[in-house]
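Structural description and commentary
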Amino acid sequence: MMNDKMKNILKTALLSITAILLSLVIAAVIMFIGGYDPWAAYSALFEGAFGSFNAIANTLSKSIPLLFAGLSFAFASKGGLFNIGGEGQLYMGAFLSTVTALALDGMPRIVVVPLAILSGMFGGAAVGAVVGVLKAKLNIHEVIAAIMMNYISLYFTSYFVNNVIKEEGSMTAQTNPISENYMFTKLIPKTQLTTALIMGIVLAVGIYFFLKKTRLGFHIRSVGENGLAAKAAGIPMVSLTVTTLAVSGAIAGLTGVTEVLGKNGRFIDNFSPGFGFTGIAVAVLGGNNPCIILLSSLLFGVLEAGSMKMSYSAGVSSSMVKVIQGLVILFVATPGIIKAMTKLKRRKQHAE
């Protein structure tokens with residue numbers, strides 16, 4: 001007999017696969033109506049993502065920040081919290097990681113790299129903890145608080161990189177470059193695929209076992225599944241809310257760290273194309289399951305990596321990838337929306 005856990009995993013996988021297929025079909029119809037050849041577009045997209053060894057490396061590289069951002073959102077979701085603040089948290093993580101690496105320039109790699117990673121995690125965790133305190137102590141909804149902190153984090157880092165630590169003589173708002181010695185090791189030479197991928201895989205597996213096998217993980221899941229019952233059982237709601245959002249923020253901070261130490265080699269103003277928000281889509285597609293998020297982040301990496309090839313080979317705008325992503329989320333979310341509306345309707349009927 002198949003247990004409930006396996007049934008839920010298969011259900012999530014089936015829903016995700018169905019959503020992907022429907023999205024590709026509808027996007028193909030849109031392209032056809034617009035006068036483009038869907039087959040040529042998808043062929044170009046596939047070739048751009050998997051057409052060569054370097055293309056595969058690029059695809060995996062594109063999936064790394066989405067993996068971390070997706071894990072960040074999923075962790076908070078397991079605690080019943082909607083962390084829409086990943087964007088601000090990853091900026092703060094990237095900023096503090098860069099400042100640490102520049103401040104410790106000249107010291108051994110074995111000292112600087114761990115400290116840069118930890119400082120980036122601390123930056124994201126600090127922003128997440130503020131959201132948690134506002135939620136737990138002042139009853140300010142985490143979505144409102146997180147959006148507010150997004151703007152604060154973005155403008156805070158932007159001010160410093162434009163006015164305080166900007167590279168001298170540069171027309172771009174960016175810091176001085178970090179020493180090559182402190183960058184993550186490349187898994188494949190002359191590509192942007194680094195050991196950050198291994199970090200992401202280990203983190204995904206670690207989060208899965210943490211939530212399933214530890215006491216704190218059980219408490220987080222209990223609050224997420226039934227907050228009232230968890231509170232009645234004596235679970236400390238205030239500290240747990242702050243802790244959950246702080247850990248979620250730390251994971252988001254790692255998103256920024258991987259961009260700085262894995263790709264850019266410095267902090268650049270407005271470097272993120274929206275990793276924090278796309279991470280929400282990645283997590284939703286993966287059903288907030290850390291292991292399935294490994295696959296959903298890869299899918300989004302494929303779409304991102306193949307979009308340019310689709311654009312110049314088939315003439316289809318790379319924005320079509322955003323349409324596909326949006327459709328995927330729509331189809332994944334629709335059953336949950338219908339279920340929630342049905343429950344609400346039943347409650348109203350019972351109240352009457």
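A brief structural summary. Values in this document were obtained by computation on a predicted structure and should not be read as measured data.

1. Quick look at the overall build of the protein chain
Helix and strand counts for the protein chain stand at 13 helices and zero strands. Along the chain direction, N to C, the helices and strands of the protein chain fall in the order α-α-α-α-α-α-α-α-α-α-α-α-α. Taken over the C-alpha trace, the protein chain has a radius of gyration of 21 Å; the compact-globule value for 352 residues is 20 Å, and the two agree within 12%. By principal-axis analysis of the C-alpha atoms, the protein chain measures approximately 70 × 55 × 40 Å. Expressed as a percentage of the 352 residues in the protein chain, the buried residues total 46%.

2. Focus on the packing of helix α3 (residues 53-78) against helix α11 (residues 275-285)
When two helices pack together, their arrangement is given by the angle between the helix axes and the distance between those axes. Contact geometry of α3 with α11 gives a least axis separation of 7 Å together with a crossing angle of 70°. Considering the angle they form, α3 stands roughly perpendicular to α11. Taken as a pair, α3 and α11 cross one another with a handedness that is right-handed. Side by side, α3 and α11 meet where P65, L66, A69, G70, F73 and A74 of the first sit next to F275, G276, T278, G279, I280, V282, A283 and V284 of the second. The residue makeup of the contact of α3 with α11, split by class, is ten nonpolar, four polar and no charged.

3. Structural notes on unusual backbone geometry
Unlike most non-glycine residues, K190 shows phi in positive territory, near 65°. Within the secondary structure layout, K190 lies in the loop between α6 (142-163) and α7 (196-213). Owing to a relative accessible area of 84%, K190 belongs among the exposed residues under this scheme. Phi at N270 is positive, roughly 60°, even though this residue is not glycine. Of note, N270 is situated in the loop between α10 (237-264) and α11.

4. What about empty space enclosed by the protein?
A complete count under the given rule lists one cavity of 30 Å³ or more for this structure. In terms of lining, the largest cavity is formed by A69, S72, F73, N83, G86, L90, A252, T255, G276 and I280. At the level of elements, α3, α4 (86-103), α10 and α11 are the ones that each hand at least two residues to the lining of the largest cavity. Examining the composition of the lining of the largest cavity, we find that three residues originate from one element, α3, more than from any other. For the lining of the largest cavity, the per-class residue count stands at five nonpolar, five polar and no charged.

5. Comments concerning α11
Each α-helix winds once per 3.6 residues, and so residues spaced three or four apart point in a common direction. With nine of eleven residues buried, α11 lies mostly within the body of the structure. Those residues of α11 that fall on the buried side of the exposure criterion are F275, G276, T278, G279, I280, A281, V282, A283 and L285. Phi turns positive one or two residues past the end of α11, at G287, with a value near 60°.

6. A closer look at the layout of surface pockets
Each pocket or cavity is described by its volume, and for the second largest pocket that value is around 310 Å³. K62, P65, P273, F275 and E304 are the residues nearest the centre of the second largest pocket, which is lined by 17 residues in total. Counting residues per element, the ones that place at least two in the lining of the second largest pocket are α3, α10, α11 and α12 (290-314). Counting residues per element, the lining of the second largest pocket draws most heavily on α3, at five residues. Looking at the lining of the second largest pocket residue by residue, the class counts come to five nonpolar, seven polar and five charged.

7. Observations regarding the packing of aromatic side chains
Counted by the stated rule, this structure contains 13 aromatic pairs. Plain terms: the ring middles of Y151 and Y155 are 6.3 Å apart, the flat faces sit at 15° to each other, and that makes the pair stacked. One end of the pair is Y151 and the other is Y155, both in helix α6 and four residues apart, which spans about a single turn. Between Y208 and F209, the ring centres sit 5.5 Å apart and the planes meet at 90°, which makes this aromatic pair edge-to-face. Clustering of aromatic rings is evident, with ring pairs tying together Y91, F95, F156, Y159, F160, F267 and F271.

8. Remarks on the pattern of salt bridges
Pairing between side chains of opposite charge can happen when their charged atoms approach one another. Counted according to the given criterion, the structure contains four salt bridges. Residues K309 and E47 are paired through a salt bridge, measuring 3.7 Å at the closest nitrogen-oxygen approach. With K309 in helix α12 and E47 in helix α2 (residues 38-50), the pair connects residues that are 262 residues apart, well separated along the chain. With a closest N to O distance of 3.1 Å, K135 and E142 form a salt bridge. You can call K135 partly exposed: its relative accessible area is 24%. Given the relative accessible area of 4%, E142 is considered buried.

9. Looking at the environment of S311
You can see S311 is positioned in helix α12. You can call S311 partly exposed: its relative accessible area is 27%.

10. Description of the packing of α7 against α12
Axis separation between α7 and α12 bottoms out at 8 Å; the angle between their running directions is 150°. Looking at the two axes, α7 sits roughly antiparallel to α12. Where α7 abuts α12, its residues G200, I201, A204, I207 and Y208 lie against P290, C291 and L294. In terms of residue class, the contact of α7 with α12 is built from seven nonpolar, one polar and no charged.

Thresholds applied
- Residues numbered from 1 in each chain as written.
- Predicted model: local features only at pLDDT ≥ 70, side-chain atom pairs only at ≥ 80, totals over all residues.
- Heavy atoms only, no water.
- Helix = DSSP H or I, 4+ residues; strand = E, 2+ residues; numbered from the N terminus.
- Rg over C-alpha atoms; globule rule 2.2 N^0.38 Å.
- Buried < 20%, exposed > 50% of the residue type's maximum accessible area, 1.4 Å probe, protein only.
- Axes fitted to C-alpha atoms, helices over the stretch in contact; angles between N-to-C directions.
- Parallel < 35°, antiparallel > 145°, perpendicular 65-115°, else oblique.
- Left-handed = near helix turned anticlockwise from the far one by under 90°.
- Contact = heavy atoms within 4.5 Å.
- Nonpolar A, V, L, I, M, F, W, Y, C, P; charged D, E, K, R; others polar.
- 1 Å grid on protein atoms, 1.4 Å probe; cavity = no way out; pocket = protein on both sides within 12 Å on 5 of 7 lines; lining within 4 Å.
- Points joined across faces, edges and corners; volume = space filled by probe spheres on them.
- Phe/Tyr/Trp six-rings, centres within 6.5 Å; stacked < 30°, edge-to-face > 60°.
- Salt bridge = Lys/Arg side-chain N within 4 Å of Asp/Glu carboxyl O.

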